[in-house]
Amino acid sequence: EAITVQELANRMAEKGADLVKALFNMGMMVTVNQTIDQDTAELLVEEFGHNITRVSESDVDIDTSEDQDPEETLKARPPVVTIMGHVDHGKTSLLDALRGTDVTKGEAGGITQHIGAYQIQTKDKHKITFLDTPGHEAFTEMRARGANVTDIVVLVVAADDGIMPQTIEAINHTKAAGVPMIVAINKIDKPEANPDNIRNRLLEHEVIVEKMSGDVQDVEVSAKAGTGLDELIEKILLQAELLELKARPDRDAEATVIEAQLDKGRGPVATVLVTRGTLKRGDTFVVGTESGRVRALIDDKGKQVKEAGPSTPVEVLGLGGVPGAGDQMTVVENEQRAREVAAYRQEKATEKRTALAPTSFDTMFNNLASNVIEFPLLVKADVQGSVEAITTALHNLSNDDIKVRVLHAGVGAITESDVTLAAASNAPIIGFNVRPNAKARDLVKRDGVEMKYYDVIYHLTEEIAKEMAGELGPER
Ligand code: GDP
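Cut-offs and rules
Residues numbered from 1 in each chain as written. Predicted model: local features only at pLDDT ≥ 70, side-chain atom pairs only at ≥ 80, totals over all residues. Heavy atoms only, no water. UniProt positions renumbered as here; feature names shortened; annotations may be inferred. Pairing = 2+ DSSP bridges. Helix = DSSP H or I, 4+ residues; strand = E, 2+ residues; numbered from the N terminus. Axes fitted to C-alpha atoms, helices over the stretch in contact; angles between N-to-C directions. Near = heavy atom within 4 Å. Polar contact = N/O pair within 3.5 Å; in protein donor to acceptor, adjacent residues only side chain to side chain. Areas by Shrake-Rupley, 256 points an atom, 1.4 Å probe, with all protein chains shown as cover. Parallel < 35°, antiparallel > 145°, perpendicular 65-115°, else oblique. Contact = heavy atoms within 4.5 Å. Nonpolar A, V, L, I, M, F, W, Y, C, P; charged D, E, K, R; others polar. pLDDT = per-residue confidence, 0-100. Right-handed = clockwise from strand over helix to strand, strands pointing away.

Under an unreviewed UniProt entry, the protein has the name Translation initiation factor IF-2 and belongs to Altererythrobacter arenosus. Looking at the protein in UniProt, the text filed under Subcellular location (unreviewed entry) is "Cytoplasm". We quote the UniProt Function (unreviewed entry) comment for the protein here in full: "One of the essential components for the initiation of protein synthesis. Protects formylmethionyl-tRNA from spontaneous hydrolysis and promotes its binding to the 30S ribosomal subunits. Also involved in the hydrolysis of GTP during the formation of the 70S ribosomal complex."

Here's what the structure looks like:
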């Protein structure tokens, strides 16, 4: 257990410089940002005449992910929806069209602000929140950072184009996240639109829509003509009802950062989505490794608001620095506490960067759903024939005890999207005659994903079979 001089000073309510001086007198040359061990810290505390109480990590950091609000305090909250699909299939158009259905959009002073998410109110007073950054990259990147804000995915497929590579990626990323999906078959205004063909082709990817007697809701829409929007909204609300989404509104807020940037005039600005509690002007908070105090809250119509409840997106002003997308914001009792937690996290983050453990074959079994061990992987290869041969060969390695689960398989270089999915799912990536592109390589370094390269299928299956047998242990 180590602590920085500054953090110890904060906790003792003494000046950092005074501690440095005291340490100097004890024969130690350190700065306020350096860490000292527990014994030295205790000596210092005695020196300053304070009582010693050893604190555990949970006293210093805040991790509220485990603590649950009592059932009776929970209230229904709006669903949070992400739109995914292939490029040009109409994600942006659909987001705009849905935004246009908001019954409150005409209110005085309301000008559309693109803050990363928006909320609509339906005719019968239901609310739905949409994340404004469509696509599975943002979705999976957030998930890789432990932020599962999306409740429902709307998969957009253009009826005149069909199932395309990014459609398949979106399906796989959604499935890996275990988030329910609604299929919006778009551009049905086009004469060449063939929605039934889409429904058929989806079967090949194990997406069985209602019209094919499956349980995935589907709806025909035209973002351009505005048809089917009410039906889509109805289906989202129905899905939300099934999910029984709830959160406690009357407590200190927790929120997730959707996007953040340094604004020239306003300083660091973050759009957050409140996950529970109510965020209020004047609240003191920690977000990632930054602390701050809510100076202003601005909603998606550019209006200043006093507070924001669960599932509400708001822009927050008053941050100490720019946090990252996916960072958790937690309201704390006072500024001292906020600074302390932020300092502690900064130190932890530095430690983590230097000792980043790769996702290994040993650790990826932590997530055991049943007695059958799942063996998740991603496969990228140079040609479609190899992708198919490898996927089949891998599936053939499955038995009653252990099952290969190919999260995503595709042709081409290993991309950022592959790496984020692998990181989020704790799975290795298998490259057959392909390598990662530059951006993916950077991400691999950051996220520590395991990569395996092969050029002979036999070597690949042999090695994976060995890994799988090793996982099961000698007793099975
Ligand atoms: P994104 O890349 O998925 O965000 O797709 P966009 O929303 O940018 O749409 C791509 C193109 O398809 C644009 O030219 C849109 O005008 C057009 N488009 C989108 N939705 C529809 C639709 O329902 N019908 C028709 N005819 N065109 C559409």
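Having seen the structure, we can now continue with the description.
**Student:** I keep staring at the sheet that holds strand β8 (residues 181-186) and nothing clicks. Help me out?
**Tutor:** Backbone hydrogen bonds are what pair the strands of a sheet, in a parallel or an antiparallel way. Spatially, β5-β6-β4-β7-β8-β9 is the arrangement adopted by the 6 strands of the open sheet, whose pairing is mixed. At either end of the open sheet lies a strand with only one pairing partner, and these are β5 (117-121) and β9 (217-220). Within the sheet, the average angular offset between the axes of one strand and its neighbour, ignoring direction, is 25°. Here β5 pairs with strand β6 (residues 127-131) via 5 bridges, running antiparallel.

**Student:** I keep staring at the site of the ligand and nothing clicks. Help me out?
**Tutor:** Around the ligand sit 15 residues, and of these Asp-88, Lys-91, Thr-92, Ser-93 and Asp-189 come closest. At 2.5 Å from an oxygen atom of the ligand is found a side-chain nitrogen or oxygen belonging to Ser-93. Here Lys-187 contributes a side-chain N or O atom positioned 2.9 Å from an oxygen atom of the ligand. Here the ligand has 580 Å² of accessible area as a free molecule, and 73% of this is covered by the chains.

**Student:** Hey, could you run me through the packing of helix α5 (residues 91-99) against helix α9 (residues 229-243) in this one?
**Tutor:** When two helices pack together, their arrangement is captured by the angle between the axes and the distance separating the axes. Packing of α5 against α9 brings their axes to within 11 Å, and their N-to-C directions diverge by 85°. Between α5 and α9, the crossing angle belongs to the class labelled roughly perpendicular. Residues Leu-94, Ala-97 and Leu-98 of α5 form the contact with α9, whose participating residues are Leu-229, Leu-232 and Ile-233. Looking at the contact of α5 with α9 residue by residue, the classes come out as 6 nonpolar, no polar and no charged.

**Student:** Just checking my understanding: could you explain the confidence of the model for the protein for this structure?
**Tutor:** A low pLDDT score tells you not to read the predicted coordinates there in detail. Summarising the model, the protein shows a mean pLDDT of 86, and 89% of its residues fall at 70 or more. When the criterion is pLDDT under 50, residues 53-58 qualifies, and its contacts beyond four places in sequence or with other chains add up to 8 contacts. Both scores are available for the predicted complex, with the pTM at 0.71 and the ipTM at 0.99.

**Student:** How should the sheet that holds strand β22 (residues 429-432) be read in this particular structure?
**Tutor:** If you walk across this open sheet you meet the 4 strands as β21-β20-β22-β23, and the pairing is parallel. The open sheet terminates on both sides in strands that have one partner only, identified here as β21 (402-411) and β23 (451-454). Strand-to-strand twist across the sheet, computed as the mean angle between neighbouring axes with direction ignored, equals 25°. Note: strand β20 (residues 373-381) against β21, 9 bridges, orientation parallel. Within β21, the position partnered with Leu-377 by the bridge is Val-406. Helix-sheet contacts for helix α12 (residues 416-425) involve β20, β21 and β22, and the interaxial angle to β20 is about 170°.

**Student:** Just checking my understanding: could you explain the pairing of β9 for this structure?
**Tutor:** Regular strands place their side chains on alternate faces of the sheet. Pairing analysis gives 4 bridges linking β8 to β9, with the strands arranged parallel. Its bridge partner lying in β9, Val-183 is registered against Asp-218. Regarding the hand of the β-α-β motif, the stretch spanning β8, helix α8 (residues 195-203) and β9 is right-handed.

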